[in-house]
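# Examining the three-dimensional arrangement
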Amino acid sequence: MANIKNILFIMADQLRWDYLSCYGHPHLKTPNIDRLAAKGVRFDRAYVQSPVCGPSRASYYTGRTVFSHGATWNQVPLPIGELTIGDYLRPLGMTTAVVGKTHMTADIEGMARLGLNKTTDIGCMVSQPGFDPYERDDGLHPNKGLAKRGGKLRYNDWLRSLGYEGENPWNDYANAADGPKGEILSGWYLKNSNLPARVKEEHSETAYMTMRAKEFITEMGDMPWLCHLSFIKPHWPYMAPAPYHNMYGPETFLPIKRAAHEKQDPNPVYGAFMDMEVSETFSRDGVREVVLPAYMGLIKQIDDHLGQLFDWLEKTNKMDQTMIVVTSDHGDYLGDHWMGEKELFHEQSVRVPMIIFDPRPEADATRGTASDAFVEAIDLVPTFMEAAGAPPQYHRLEGHSLMPLLQGATPDDWRDDAFSEIDYAFYTARQALDLGASDARAYMLRTDEWKYVHFKGFPPQLFNLIEDPDEFNDLGRDPAHESIRQTMHRRLTDRLINRKNRTAMTDEQVINMRTKENAVGIIIGVWDDPQATA
């Protein structure tokens, strides 16, 4: 089988799996992502390793779980010794570049220990989790604090070149609206979400990132590449440019999924998250009606620009050389389960879309199909490696290549559960629970029938997904389900202890070590030299 030449790794930040028409949304039509699904495989049970931007992306980029790579939250650096997509693919001559968001923080302390700095080629690569920073933009507020740290947003420079005035047009135009008295209304405030952004649509973040991806691909010519096109939206600030800001009204919204009894004696950790300000805001009447038009419009805008990108790839004869992936780093509660943001383990937060198109003939048998296999974010790195012809590194990688599933074969030993985890030390929920910085940990294991969540120091959560697919009835403290909890806890423990921490030596080297010891004269436990007594 010929190797894949190019990889287009598309991620939309905070995109829920059920907000695409190919996943069943009845009103939000996404024909271009649907078109990709019709040419590839739609994975219906894809899960992230953590429902937070930074740790989720670190797992996508390393093929390793959060506990293993250590980047447990958004500002926690990925340790300098962790290998990423670029480290695996660059030896093949493949340029790996990011256009958009990675949300990764450089291990400055580790770099200093090794005498590295960002001004050198290797220092730049190490500080950008293995990507060439062709257009790095994390969608964070580029305020004066960023400038003091030496940060600069190229998107701001581009906007100013087009006549958008001010120090920070990202904030004042792309993520702000005009008020009735000429004032600027910030998109950071949810009440302004249904207003049109001050920026023209063709100058918005989504349009800009798509343009920059085309420029990178054009510059590469016939050289092989991986382009991580990482859209900042539909992540907050929830603000879309016209005409996308008001395409959708209440009649197009998915029904809210929450039950009154969820707030009656909830699991303590779940209760602490429901009490956070963002959850209380999204639980108020009228908030979803203001936010959802922007959220849905931003998704529609992404789909439209992906359509233009896919058409351009076909026109330039690159589509048949390029593996394309569309996925997300986590979902968005949007008021479901009395929650805002993400963080916990309901399906709205931890489940993501994942669509993969492999142009090679070996994938013809699965085109337009859906897979119900449990797949995880950590599976993409080994998939990309196998597709590009890189040697396997399963002493490090904790995911599994999806190539058999893309070619119509499900291995007998394929996983029958999905795993995720979170370090919630950074939230007010930890303070409300009076926990130390190392004690706010939670782990999820989901099977066909059950979802089990272990909270360190608190009772677990348990949901019967067959009888209660909406996850309304927590059985985590129900005496009748003690045996199920014990079984799920053992399964979770097995998953935890099977992570890979011997990363500097391959399994083959381990197996061959004893014979090598004998060869160099390291003799353990032998009574006498057989040659001496012969």
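Scroll up to find the structure this text is about.
Residues numbered from 1 in each chain as written. Predicted model: local features only at pLDDT ≥ 70, side-chain atom pairs only at ≥ 80, totals over all residues. Heavy atoms only, no water.

## Let's talk about the overall build of the protein chain
- A count of helical and extended segments in the protein chain gives 19 helices and 14 strands.
- For a compact globule of 534 residues, the expected C-alpha radius of gyration is about 24 Å, and the protein chain comes in at 24 Å, within 12% of that figure.
- For the protein chain, the spread of C-alpha atoms along the three principal axes comes to 105 × 65 × 50 Å.
- A total of 534 residues make up the protein chain; the buried ones form 57% of that total.
- By sequence separation, contacts in the protein chain at least 24 residues apart represent 72% of the contacts at least 6 residues apart.
- With the model as given, the accessible surface of the protein chain reaches about 22,400 Å², and the carbon-plus-sulfur share is 53%.
- Taking the 56 positively charged and 75 negatively charged side chains of the protein chain as two groups, their mean positions are separated by 4 Å. (Helix = DSSP H or I, 4+ residues; strand = E, 2+ residues; numbered from the N terminus. Rg over C-alpha atoms; globule rule 2.2 N^0.38 Å. Buried < 20%, exposed > 50% of the residue type's maximum accessible area, 1.4 Å probe, protein only. Contact = heavy atoms within 4.5 Å. Areas by Shrake-Rupley, 256 points an atom, 1.4 Å probe, with all protein chains shown as cover. Lys, Arg positive; Asp, Glu negative; His and termini not counted. Charge placed at Lys NZ, Arg CZ, Asp CG, Glu CD.)

## Quick look at the packing of aromatic side chains
- The final tally for this structure, using the stated rule, is 20 aromatic pairs.
- Look at Phe 9 and Phe 384: their rings are 5.5 Å apart centre to centre, the planes differ by 65°, and that puts the pair in the edge-to-face class. Note that Phe 9 is positioned in strand 1 (residues 6-13) and Phe 384 in helix 15 (residues 380-388), a separation of 375 residues in sequence. Residues Phe 9 and Phe 384 agree in their burial class; the two are buried.
- Seen in terms of ring centroids, Phe 273 and Tyr 427 are 5.6 Å apart; in terms of plane orientation they differ by 55°. Their pairing is tilted. One end of the pair, Phe 273, is in helix 11 (residues 268-274); the other, Tyr 427, is in the loop between strand 11 (418-423) and helix 17 (428-432), and 154 residues separate them in sequence. The two residues Phe 273 and Tyr 427 agree in class, both being buried. (Phe/Tyr/Trp six-rings, centres within 6.5 Å; stacked < 30°, edge-to-face > 60°.)

## Brief notes about the sheet that holds strand 9 (residues 351-357)
- Here 8 strands make up an open sheet; going across it, the order is 4-3-7-1-8-9-2-10 and the pairing mixed. The sheet terminates laterally at strand 4 (132-136) and strand 10 (369-376), the two strands that pair on one side only. Each neighbouring strand pair of the sheet contributes to a mean axis angle of 20°, computed without reference to strand direction.
- As paired elements, strand 1 and strand 7 (residues 225-234) share 8 bridges and run parallel to each other. The residue of strand 7 that forms the bridge with Leu 8 is Cys 227. (Pairing = 2+ DSSP bridges. Axes fitted to C-alpha atoms, helices over the stretch in contact; angles between N-to-C directions.)

## Details of helix 13 (residues 287-315)
- Over its 29 residues, helix 13 runs 43 Å from end to end, which matches the ideal 42 Å to within 8%, given 1.5 Å per residue.
- Burial runs high along helix 13: 22 of the 29 residues are buried. (Expected span 1.5 Å × (residues − 1).)

## Describing the nonpolar core
- By size, the foremost hydrophobic cluster in this structure holds 72 residues, and its most contacted members are Tyr 60, Leu 89, Phe 384 and Tyr 424.
- Other than its neighbours up to four places away in sequence, Leu 89 contacts Ile 7, Met 94, Thr 96, Leu 226, Phe 384, Met 385, Ala 388 and Ala 390. (Core = buried A, V, L, I, M, F, W, Y, C linked by side-chain atoms within 4.5 Å.)

## Focus on the packing of helix 10 (residues 205-220) against helix 13
- Where helix 10 meets helix 13, the axes come as close as 10 Å, and the angle between the chain directions of the two elements is 20°. Our classification of the angle between helix 10 and helix 13 gives roughly parallel. The two elements helix 10 and helix 13 meet at a crossing, and its hand is right-handed. Here Thr 206, Ala 207, Thr 210, Lys 214, Ile 217 and Thr 218 of helix 10 come into contact with helix 13, specifically with Gln 301, Ile 302, His 305, Gln 308, Leu 309, Trp 312 and Leu 313. (Parallel < 35°, antiparallel > 145°, perpendicular 65-115°, else oblique. Left-handed = near helix turned anticlockwise from the far one by under 90°.)

## Observations concerning unusual backbone geometry
- Between Trp 236 and Pro 237 the backbone carries a cis peptide bond, its omega angle lying at 0°.
- With respect to the helices and strands, the residue Pro 237 is situated in the loop between strand 7 and helix 11.
- The amide bond that connects Ala 242 to the next residue, Pro 243, takes the cis arrangement and shows omega of 5°.
- Position of Pro 243 relative to the elements: it lies in the loop between strand 7 and helix 11.
- Of note, Asp 434 is a non-glycine position whose phi angle comes to about 55°, a positive value.
- In this structure, Asp 434 sits in the loop between helix 17 and strand 12 (441-446).

## Examining helix 8 (residues 154-161)
- The set of residues buried in helix 8 consists of Tyr 155, Asn 156 and Leu 159. The arc that holds every buried residue of helix 8, seen down its axis, measures 100°, which confines them to one face.
- In this structure, the buried side of helix 8 is in contact with strand 4, helix 9 (169-174) and helix 10.
- Gly 163 lies just past helix 8 and shows a positive phi near 105°. (Arc of directions from axis to C-beta.)

## Describing the pattern of salt bridges
- Across all of its chains, the model carries 39 salt bridges by this definition.
- A salt bridge links Asp 311 to Arg 35; the shortest N-O distance between them is 3.0 Å. Note that Asp 311 is positioned in helix 13 and Arg 35 in helix 1 (residues 31-39), a separation of 276 residues in sequence.
- Judged by relative accessible area, Asp 311 falls into the partly exposed class, the value being 40%. (Salt bridge = Lys/Arg side-chain N within 4 Å of Asp/Glu carboxyl O.)

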